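Read off the chains here:
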Amino acid sequence: MAEIVLDKVTKRYPDGALAVSDVDIEIADGEFIILVGPSGCGKSTTLNMIAGLEDITSGELRIGGNRVNERAPKDRDIAMVFQSYALYPHMTVRENMAFPLRLAKVDNATVERKVNDAAEILDLTQHLDRRPANLSGGQRQRVAMGRAIVRSPKAFLMDEPLSNLDAKLRVQMRTSVSRLQKQLGTTMVYVTHDQVEAMTLGDRVVVMRGGVVQQIGAPQYLYDHPSNLFVAGFIGSPSMNFLPATLEDGTLRSSLAELPLTDRIRKLLESADAPREVIMGVRPEHFEDAALLDDASRARGATFTGQVDVLESMGSDKYAYFTLSGEQATSAELAELAADVGSADVPTSGIQLVTRISAASPARLGQSAEIWFDADKVQLFDPSSGRNLTFAGE
Amino acid sequence: MAGLGGTETLGRKSRWAILDLVVVVYALVPVLWIMSLSFKTTKTLTDGNFIPREWTLDNYKAIFQTSEFVRALGNSIGIAIISTVIAVVLGTMAAYAVARLDFPGKKALVGVSLLVAMFPQVSLVSPLFEIERSVGLFNTWPGLILPYITFALPLSIYTLSAFFREIPWELEKAAKMDGATPAQAFRKVIAPLAAPGVFTTAILVFILCWNDFLFAISLTSTSASRTVPAALSFFTGASQFEDPTGSISAAAVVITVPIIVFVLLFQRRIVAGLTSGAVKG
Amino acid sequence: MSMQSDMSQSVIGADAVKRSGGRGKVVLSEGKKAERKLGLMLIAPAAIVMVAVTGWPIIYSVWLSLQRFDLRFPEKQAFVGLENYGTVLSNGYWWTAFGVTSLITVVSVVFELVLGMGLALIMHRTLVGRGLVRTVALIPYGIVTVVAAFSWRYAWTDGTGYLASLFGQDQALLTQRVPALAIIILAEVWKTVPFMALLLMAGLALVPEDLLKAAAMDGANGWQRFTKVMIPVMKPAILVALLFRTLDAFRIFDNIFILTSGAQNTSSVSMQTYNNLIKGLNLGIGATMAVLIFITVAIIAFVFVKLFGTAAPGSDQEGRR
Ligand SMILES: Nc1ncnc2c1ncn2[C@@H]1O[C@H](COP(=O)(O)OP(=O)(O)OP(=O)(O)O)[C@@H](O)[C@H]1O
Ligand SMILES: [Mg+2]
């Protein structure tokens, strides 16, 4: 067991590509930390540098207090689970799991015992003598985990370990990964693309973009207090709504509504030295059907009226989609987020708005509805730097 | 409706069957012809008939009684096997490096092997003839084995690196994470997975060496190292005055049999080996 | 405090070294170093053999080609500059051989391409006996060229052969120039069509089945699907096959040696070289021809690579792992 420290770690590939730049992360002993970010942002590269599979161009990596930059993977005492599982096809499950122990010249009796223990934990006992080719996806995944846990390493590294499983199995394995990590108490660095895994699994989440760490924090904290436009847009599904807005005399003017700022927000904006033109962000759940609210609640926000484009009933609540007239908010961050989810090429006109409203709402498809949103939950961003102007973190 | 579909596929099948037949005839007729010649008696040898009128094994008996053929056969087998083993071992090492490792000089190696693959062998015959004579390799086994290895290496590097590339790259990373040194990762994980590819390559290289004629007639002068293809061109028949057609045919059949056996047994592998390198180059 | 400034300084220092020293001076971790070492060790034997057996002889060959060097008159050996090149290039036999070689190369490669494509389609798409066709088609590839050449020779030999009488009695086709060349080409084509077909089949396998279905839905008939969809997708494979076969055909030797021994002006450049060298023992002239063939082959390869650029073999391969 050990803490892992990345100190100004940078990776430049031989072809000149800067994959990871000045990354500082301190991972505590026994912590479960998640790396998320869009494709190509350097998650795998970071993980491979911790593993020793890629060289660190500059900066320092310490495991348990010792600099390990120059150590070969086998001398770092770290185990890794790959997206493709990387099971040795010519070995049985037992041989696969025993492989790291055999390389470490562990005696037969111990190998036997450890493999059986791991198989027990992962419910693989009856498959020990089968080959990987004859196993189901979930079983292979567990063998890969088994191979990682048998030698009780200082830390686990997992690179999108569940992404090859179908949705249902993924949910099941997600909980067992979490349980396993709690049970073993081993430090874990986990790369994922999946919002839900990011929000539910980790103690802390590291959001990366273009090789640079954007923000590190507990999942709920990142959700509530994103430090910039990118984190705000990346964390949360469906994602935050963004609109261009103008600040004038304590009022926020946008195509949604004209909204007097709350005192809390006004103070934050003053200390942040906000520009006139901003991007306003509202999460879907901070909307509500105005018809369901009393006057007191209404007064804490503003309303707009629009025609319901699409209405999705989720049972517990409804998603109502609107298209507002006006220009979409533009910034480098938003363009990148759109590219990552693949919506960059979808032609749209006007501003797309997603709202989550109560299931009791009488809103109908194609008809107009009056929708309220919470003035105090609005977040404002600087369009040029992406900085969160309403950031209330420490 | 069903009946119509049935006759339609039947029609298509029979059309394919006819095409298949054309291919079979195309491929087999010259082989059957030389076999037929080898079984003909001296009397019927020149009757021009595709199928022998009188069958005999005399031609085979005769060639196996001449030391000329028996030595040549021994030379062919020995030289081809030794060249194959060496070329495949060296090729495996180099192909692994090319497919998997990052090091300076990789491009140079690929370039050199591409050059050698395109190299006109005859350009090598003149200098090798002179060099081998001066260092005493002329008319020896090593004198043939060396050029064979050289021309087999590009083939074996290409084929094998294509096979190596198909082994998932992550397996090796996994082995390193499991505590293996690069050498151990190669021995314990990659080598067992590469075995089928190595075997296939060995067959292709063997065929290449077995087939050579130019080096064999240029770099040998006696039956000490002359291989069968070269010996065939010097065949004069069991006795000086006899027409050698029967003996040549019998000898030709003898060296064709191992190839046909390989092809029959390992058709899939040979096809995979020949096409693997071709897709990407 | 002082420690911190120390550290930042050393980091800057390291950066500076890297920038000025380029890639070579970057401090490598143990893993990377071991990888480099292993890589070099693994390729060394193959590289040494290939370079030693081809590199040195090529240089030696160039040197020989500048000498008067006839093994029958070793005492007359002398440096003669480009005289040998003059001799060869002004020699009618050489140019005849060159023409014959080029003719055989072009004609047989064209036939091979057409027949090879047909065979590839049959092997790829046949509904019945796919295994049989693929196995049988490999036989010409595997057979020793000399053996096949003898089979063709006897087939066309008057009296002996089953084919000889096809064109009338007492024709002795192999002793007439044009028929002999035709038979040489036949032998060459027969032997190499399967290899061509296999290379093309690899390309065929790259044509997605869905693409052909989509083309069929769009109203393309069989021929249009072949020319408009398959050929363009297969182009790289076709070019690779063409390049390899062209270079290979230009080296033609075995078939001619057995079928005609080069009589009636059916010699190829390889035959000419061999005759001067082994039969004539004229090393100087032999080496000169060897160098000329080498240059020709290099030009063919260069033209292919220039014309077809990235489709050339090896051009996209080496960088990948
Ligand atoms: N071997 C390499 N050589 C050069 N560039 C590379 C190499 N591997 C990755 N890169 C580049 O480095 C950047 C980061 O890649 P990385 O694989 O770490 O991304 P990732 O965050 O894991 O993405 P994904 O979610 O798609 O797995 C990318 O721009 C990628 O193109
Ligand atoms: Mg990745």
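Per an unreviewed UniProt entry, the recorded name for chain A is sn-glycerol-3-phosphate ABC transporter ATP-binding protein UgpC, and the organism is Solihabitans fulvus.

(A) Inspection of the site of ligand 1 at higher detail. Residues and elements named next belong to chain A. Around ligand 1 sit Tyr13, Asp15, Ala19, Ser39, Gly40, Cys41, Gly42, Lys43, Ser44, Thr45, Glu160 and His193, and those are all the residues in its vicinity. In the environment of ligand 1, a nitrogen atom lies 3.2 Å from a nitrogen or oxygen atom belonging to the side chain of tyrosine 13. Between an oxygen atom of ligand 1 and a main-chain N or O atom of glycine 42, the distance comes to 3.0 Å. Ranked by residue count, the leading element in the shell around ligand 1 is helix 1 (residues 43-51), at 3 residues.

(B) Main features of unusual backbone geometry. Residues and elements named next belong to chain A. In the segment running from serine 237 into proline 238, the intervening peptide bond is cis, with an omega of 0°. Summarising the element assignment, proline 238 is placed in the loop between helix 8 (229-234) and strand 11 (241-248). With a phi close to 45°, glutamate 160 is a non-glycine residue in the positive phi region. Within the fold, glutamate 160 resides in the loop between strand 7 (155-159) and helix 5 (167-184). When its relative accessible area of 14% is taken as the criterion, glutamate 160 is described as buried. Phi is positive for aspartate 249, which is not a glycine, with a value near 50°. For aspartate 249, the position within the fold is in the loop between strand 11 and strand 12 (251-254). In this structure aspartate 249 comes out as exposed when scored by relative accessible area, which is 76%.

(C) Main features of the domain arrangement of chain A. All names here are of chain A. Split by domain assignment, chain A resolves into domain 1 (4-229) and domain 2 (236-381). Placing the centre of domain 1 and that of domain 2 at their C-alpha centroids yields a distance of 37 Å. On the domain 2 side, the residues contacting the 11 residues of domain 1 number 15 residues. Between domain 1 and domain 2 lies a buried interface of about 1,100 Å² when both sides are counted; carbon and sulfur atoms form 53% of it. Contact with domain 2 buries area across many residues of domain 1, yet Arg209, Tyr223 and Leu229 alone supply 63% of it, more than any other trio. Counting across the domain 1 and domain 2 interface gives 2 salt bridges. In this structure, arginine 209 engages glutamate 336 in a salt bridge whose closest nitrogen and oxygen atoms are separated by 2.9 Å. Put simply, domain 1 and domain 2 have 5 residue pairs in polar contact (both at pLDDT 80 or more) between them. Of the residues belonging to the side of domain 1 that touches domain 2, the class tally is 4 nonpolar, 5 polar and 2 charged.

(D) Molecular detail of the environment of serine 165 of chain C. All names here are of chain C. Locating serine 165 in the fold gives a position in the loop between helix 6 (145-156) and helix 7 (177-204). Look at serine 165 and you get partly exposed, because its relative accessible area is 41%. As for serine 165 and alanine 155, which are separated by 10 residues in sequence, their C-alpha atoms are 9.6 Å apart.

(E) Here's a closer look at the side chain of glutamine 379 of chain A. Residues and elements named next belong to chain A. Looking at where glutamine 379 falls in the secondary structure, it is placed in strand 21 (residues 379-381). With relative accessibility at 10%, the residue glutamine 379 sits in the buried group. Polar side-chain contacts of glutamine 379 include one of 3.3 Å to the backbone oxygen of aspartate 224. A distance of 3.0 Å separates a polar atom in the side chain of glutamine 379 from a polar atom in the side chain of asparagine 388.

(F) Examining the packing of aromatic side chains more closely. Per the counting criterion, the structure on display carries 39 aromatic pairs over all chains. Ring centres of phenylalanine 253 of chain C and phenylalanine 257 of chain C lie 5.6 Å apart, and the angle between their planes is 40°; this geometry places the pair in the tilted category. These aromatic residues form a ring-pair network of at least three members: Phe119, Tyr148, Phe151 and Phe215 of chain B together with Phe294 of chain C. Directly above the ring of phenylalanine 129 of chain B sits arginine 133 of chain B, whose terminal nitrogen or CZ lies 5.4 Å from the centroid.

(G) Here's a closer look at the environment of arginine 130 of chain C. Residues and elements named next belong to chain C. Within the secondary structure, arginine 130 is located in helix 5 (residues 130-142). The class for arginine 130 is partly exposed, based on a relative accessible area of 36%. Setting aside chain neighbours within four positions, we find arginine 130 in contact with Met123, His124 and Arg125. Polar contacts involving the side chain of arginine 130 include one to the main-chain carbonyl oxygen of threonine 126, which spans 3.1 Å.

(H) Summary view of the nonpolar core. Membership of the largest hydrophobic core comes to 219 residues, with the highest contact counts inside it found for Ile4, Leu6 and Val189 of chain A together with Phe164 and Phe215 of chain B. Per-element tally for this core: the top contributor is helix 7 of chain C, with 15 residues. The residues touching leucine 6 of chain A, leaving out its near neighbours within four places in the chain, are Val23, Asp24, Ile25, Ile27, Thr46, Ile50, Glu60 and Leu61 of chain A. Core analysis: the second largest hydrophobic core is formed by 53 residues, Ala79, Ala232, Phe234 and Leu337 of chain A among them.

(I) Region of interest: the sheet that holds strand 1 (residues 4-12) of chain A. All names here are of chain A. Taking strand neighbours across the sheet as the criterion, the 4 strands line up as 2-1-4-5 in an open arrangement whose pairing is antiparallel. At either margin of the open sheet sits one strand with a lone partner, and together these are strand 2 (18-27) and strand 5 (66-67). Looking at chain direction, strand 1 and strand 2 are connected through 6 bridges and run antiparallel. Pairing of valine 5 across the sheet is with glutamate 26, part of strand 2.

How each quantity is defined
- Residues numbered from 1 in each chain as written.
- Chains lettered and ligands numbered in written order.
- Predicted model: local features only at pLDDT ≥ 70, side-chain atom pairs only at ≥ 80, totals over all residues.
- Heavy atoms only, no water.
- Near = heavy atom within 4 Å.
- Polar contact = N/O pair within 3.5 Å; in protein donor to acceptor, adjacent residues only side chain to side chain.
- Helix = DSSP H or I, 4+ residues; strand = E, 2+ residues; numbered from the N terminus.
- Buried < 20%, exposed > 50% of the residue type's maximum accessible area, 1.4 Å probe, protein only.
- Domains from an automatic or database assignment.
- Contact = heavy atoms within 4.5 Å.
- Buried area = accessible area lost by both parts, 1.4 Å probe.
- Salt bridge = Lys/Arg side-chain N within 4 Å of Asp/Glu carboxyl O.
- Nonpolar A, V, L, I, M, F, W, Y, C, P; charged D, E, K, R; others polar.
- Phe/Tyr/Trp six-rings, centres within 6.5 Å; stacked < 30°, edge-to-face > 60°.
- Lys NZ or Arg CZ within 6 Å of the ring centre and 35° of its normal.
- Core = buried A, V, L, I, M, F, W, Y, C linked by side-chain atoms within 4.5 Å.
- Pairing = 2+ DSSP bridges.

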